[in-house]
Amino acid sequence: MRRLKKEKLLLILMLILFVVVIPLTFIALFWPKFKVKSFKDVIIIPYQQKFQIEHGTICYGNAFHCEDVEVEHTGNVDITQKGEYKITYIYKYKTKNYQKEQTIKVIDNTPPKLEVKETEFYYCKNSIPDYEVKAWDNYDGDITKNIEKKVENGKIIFSVTDSSNNKTTIEKEAIEKDIENPTIKLIGGEKIFLNLHEEYEEKGVTALDNCDGDISDKVKIEGNVDTKKEGEYTIKYTIQDEKGNETSKTRTIIVAGKKIKEEKNIYLTFDDGPSKYTKELLDILKKYDVKATFFVTNQTIAKPYEDLILRAYKEGHTIGLHSYTHTYDIYQNEETYFNDLYKIQEKVKNITGYTSNIIRFPGGSSNTISRNYDNNSHIMSKLTKSVEEKGFRYFDWNVISGDAGETTDTMEIVSHVILEIGKRKDSMILQHDIKDYSVKAVENIIEYGLRNGYNFLKITEETPNFHHRVNN
Ligand code: ZN
């Protein structure tokens, strides 16, 4: 009985072996399929290193024989851009296909280059001088602005990190010493005009030192202004830091005999900028502490000029809106006009954070050129109303400088303006800070104005109307 059972079991096992295991083993050995011998799922290559397709070795066949197969691929790798790229390979044998995907990571693993020109280094408790340090990265380009510096154990450590977190550090032995002169900034203008017997008010200066910080209270002021006597007086401001580094600056006060202060006002206004001449203009205005109004456009805007809009705003000038494009086809209808206006308003807001509602129409409100574009719709009659309904205030002018085509001669502009401002109590002068010969006239106009008792005003929302007669 037991023996019979054992034989039966053996028989079943034999049966399984012959019917299942052996055939399956044969099938496994001889059944043809794609076989992967070498293939990389992920390949990492440094930025800009040439990438060669690596499709690995794949064949078609069985355990005893394997044939090479054809391969095609799709997808691209841009070695000039960091990132992950996918390539799909299709291996083909007769009608059979086999697909594999590969990831190529283009990375930047080159640290930036850091170059320090100087050979001697100093530092003090509050600061490290501005050494000439440059940083260049193979991927990010010039990253000088990302350089950081600190003092540690008597060394200055310069470091810079690129956008892939590769870091370069340079250490320089340094000496604790104050080698920089303090700086002085006048509060108020460099030139001040006073009437005889008018009181001189000393506005002082701001003095800053790299090591000692704000040392304005230590400034020595020399010189006297005798407003009982006509003449030019000089006030000298001198500051020494704790280590004896010295800086000085002067201010001129002009006391004039005839009464120069009356209620006569000049509004300097500049259209069409900013431009490469705007910086010079801002320097002149700063020298005399005179504020002006800039009706800006986008027509010549490039990055360095945008910074001039911000500078003008920070220095207390009014930023008005002229036009984004400064083309006259903005006068086709109200929509085209306001589209353009809101664009320049937005731009000024992005640069300064300030929403300007002070505008000047291209060509002025009296222009007739808009007739060429508005299809007989009397666009200027409509716009002069609708801008005010929308909360804007527009300003024309009553003194032309002549810089819009009449002359290119600086002295001619000066004498024309001087003649014209003498005819009225309030003058709004039209100039263009895209014309160098006009910008060069400004210093003379200001000198004349200050010597002869004019107030220089910028346009604000409270300025009275300067409106032309509308002609269209
Ligand atoms: Zn203009």
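Conventions we followed
- Residues numbered from 1 in each chain as written.
- Predicted model: local features only at pLDDT ≥ 70, side-chain atom pairs only at ≥ 80, totals over all residues.
- Heavy atoms only, no water.
- 1 Å grid on protein atoms, 1.4 Å probe; cavity = no way out; pocket = protein on both sides within 12 Å on 5 of 7 lines; lining within 4 Å.
- Points joined across faces, edges and corners; volume = space filled by probe spheres on them.
- Helix = DSSP H or I, 4+ residues; strand = E, 2+ residues; numbered from the N terminus.
- Nonpolar A, V, L, I, M, F, W, Y, C, P; charged D, E, K, R; others polar.
- Domains from an automatic or database assignment.
- Donors = N, O, S within 2.8 Å, 3.2 Å for Na, K, Ca; no water.
- Buried < 20%, exposed > 50% of the residue type's maximum accessible area, 1.4 Å probe, protein only.
- Contact = heavy atoms within 4.5 Å.
- Salt bridge = Lys/Arg side-chain N within 4 Å of Asp/Glu carboxyl O.
- Pairing = 2+ DSSP bridges.
- Disulfide = S-S within 2.5 Å.
- Polar contact = N/O pair within 3.5 Å; in protein donor to acceptor, adjacent residues only side chain to side chain.
- Core = buried A, V, L, I, M, F, W, Y, C linked by side-chain atoms within 4.5 Å.

## Description of the layout of surface pockets
(1) Moving on: By volume, the second largest pocket amounts to about 370 Å³.
(2) Moving on: Around the second largest pocket, the lining comprises 17 residues; the ones closest to its centre are K185, L186, G188, K286 and K287.
(3) Moving on: Those elements giving two or more residues to the lining of the second largest pocket turn out to be strand 16 (183-186) and helix 2 (278-288).
(4) Moving on: Broken down by element, the lining of the second largest pocket gets its largest block of residues, four residues, from helix 2.
(5) Moving on: Looking at the lining of the second largest pocket residue by residue, the class counts come to five nonpolar, four polar and eight charged.
(6) Moving on: The two domains that each donate at least three residues to the lining of the second largest pocket are domain 3 (183-256) and domain 4 (265-457).

## With respect to the coordination of the zinc ion
(1) Moving on: Within the protein, D272 (OD), H322 (NE2) and H326 (NE2) serve as the donor atoms for the zinc ion, at 2.2 Å.
(2) Moving on: Read N to C, the donor residues that coordinate the zinc ion are spaced as D-x49-H-x3-H.
(3) Moving on: When its relative accessible area of 17% is taken as the criterion, H326 is described as buried.

## Considerations on empty space enclosed by the protein
(1) Moving on: Inspection of the entire model under this criterion finds one cavity of 30 Å³ or more.
(2) Moving on: What the largest cavity holds in volume is close to 30 Å³.
(3) Moving on: Forming the boundary of the largest cavity are P274, T278, F294, V296, L308, I309, A312 and I319.
(4) Moving on: Listing elements by their share of the lining of the largest cavity, those giving two or more residues are strand 24 (293-297) and helix 3 (303-314).
(5) Moving on: By residue number, the principal contributor to the lining of the largest cavity is helix 3, which donates three residues.
(6) Moving on: For the lining of the largest cavity, the per-class residue count stands at seven nonpolar, one polar and no charged.

## A closer look at the environment of Q431
(1) Moving on: Mapping Q431 onto the fold places it in strand 29 (residues 426-432).
(2) Moving on: As for Q431 and I400, which are separated by 31 residues in sequence, their C-alpha atoms are 7.2 Å apart.
(3) Moving on: What Q431 contacts, discounting residues up to four positions off in sequence, is L268, T269, F270, D271, S401, D403, I413, S438, A441, V442 and I445.

## Thoughts on the pattern of salt bridges
(1) Moving on: Taken as a whole and judged by the stated rule, the model has 21 salt bridges.
(2) Moving on: We note a salt bridge from K149 to D130, for which the minimum N-O separation is 3.5 Å. Taken together, the residues span a long stretch of sequence, with K149 in strand 12 (residues 148-152) and D130 in the loop between strand 9 (122-123) and strand 10 (133-137) at a distance of 19 residues.
(3) Moving on: What you see here is one network of salt bridges that share partners, running through K279, D283, K286, R311 and E315.

## A word on the sheet that holds strand 11 (residues 141-142)
(1) Moving on: On the basis of which strands lie adjacent, the open sheet formed by three strands has the order 8-10-11 and antiparallel pairing. What marks the edges here is a single partner per strand, and that holds for strand 8 (113-116) and strand 11.
(2) Moving on: Bridge analysis of strand 10 against strand 11 gives two bridges, and the strand direction is antiparallel. Pairing of W136 across the sheet is with D142, part of strand 11.

## Here we look at the state of the cysteines
(1) Moving on: All chains considered together, the criterion is met by two disulfides.
(2) Moving on: A sulfur-sulfur distance of 1.8 Å marks the disulfide that ties C124 to C211. Classification of the bridge connecting C124 and C211 rests on its S-S torsion, roughly -100°, and on that basis the disulfide is left-handed. Remark: C211 occurs in the loop between strand 18 (205-209) and strand 19 (213-214) and C124 occurs in the loop between strand 9 and strand 10; sequence separation between them is 87 residues.
(3) Moving on: Cysteine pairing for the protein chain, with bonded cysteines counted in sequence order: 1-2, 3-4.

## Re the domain arrangement of the protein chain
(1) Moving on: Domain assignment breaks the protein chain into domain 1 (31-107), domain 2 (113-176), domain 3 (183-256) and domain 4 (265-457).
(2) Moving on: The gap between the C-alpha centroids of domain 1 and domain 3 is 77 Å.

## A look at the side chain of T297
(1) Moving on: Within the fold, T297 resides in strand 24.
(2) Moving on: There is a polar contact of 3.1 Å between the side chain of T297 and the backbone oxygen of D272.
(3) Moving on: Non-local contacts of T297, meaning those with residues more than four positions away in its chain, are made with D272, G273, P274, H322, S323, Y324, H326 and I344.

## Quick word on helix 8 (residues 442-451)
(1) Moving on: Among all positions of helix 8, only V442, I445, I446, E447, G449 and L450 are buried.
(2) Moving on: Just past helix 8, the residue G453 takes up positive phi, approximately 80°.

## So, the nonpolar core
(1) Moving on: In this structure, L268, L285, F294, Y337, I359, F361 and I446 are the most contacted members of the largest nonpolar core, which totals 51 residues.
(2) Moving on: Top contributing element to this core by residue count: helix 4 (residues 334-352), with six residues.
(3) Moving on: Residues contacting I359, with those up to four places away along its chain left out, are F295, L321, Y337, L341, V387, F392, R393, Y394 and F395.
(4) Moving on: In this structure, I45, V77, Y89 and I104 belong to the second largest nonpolar core, which totals 17 residues.

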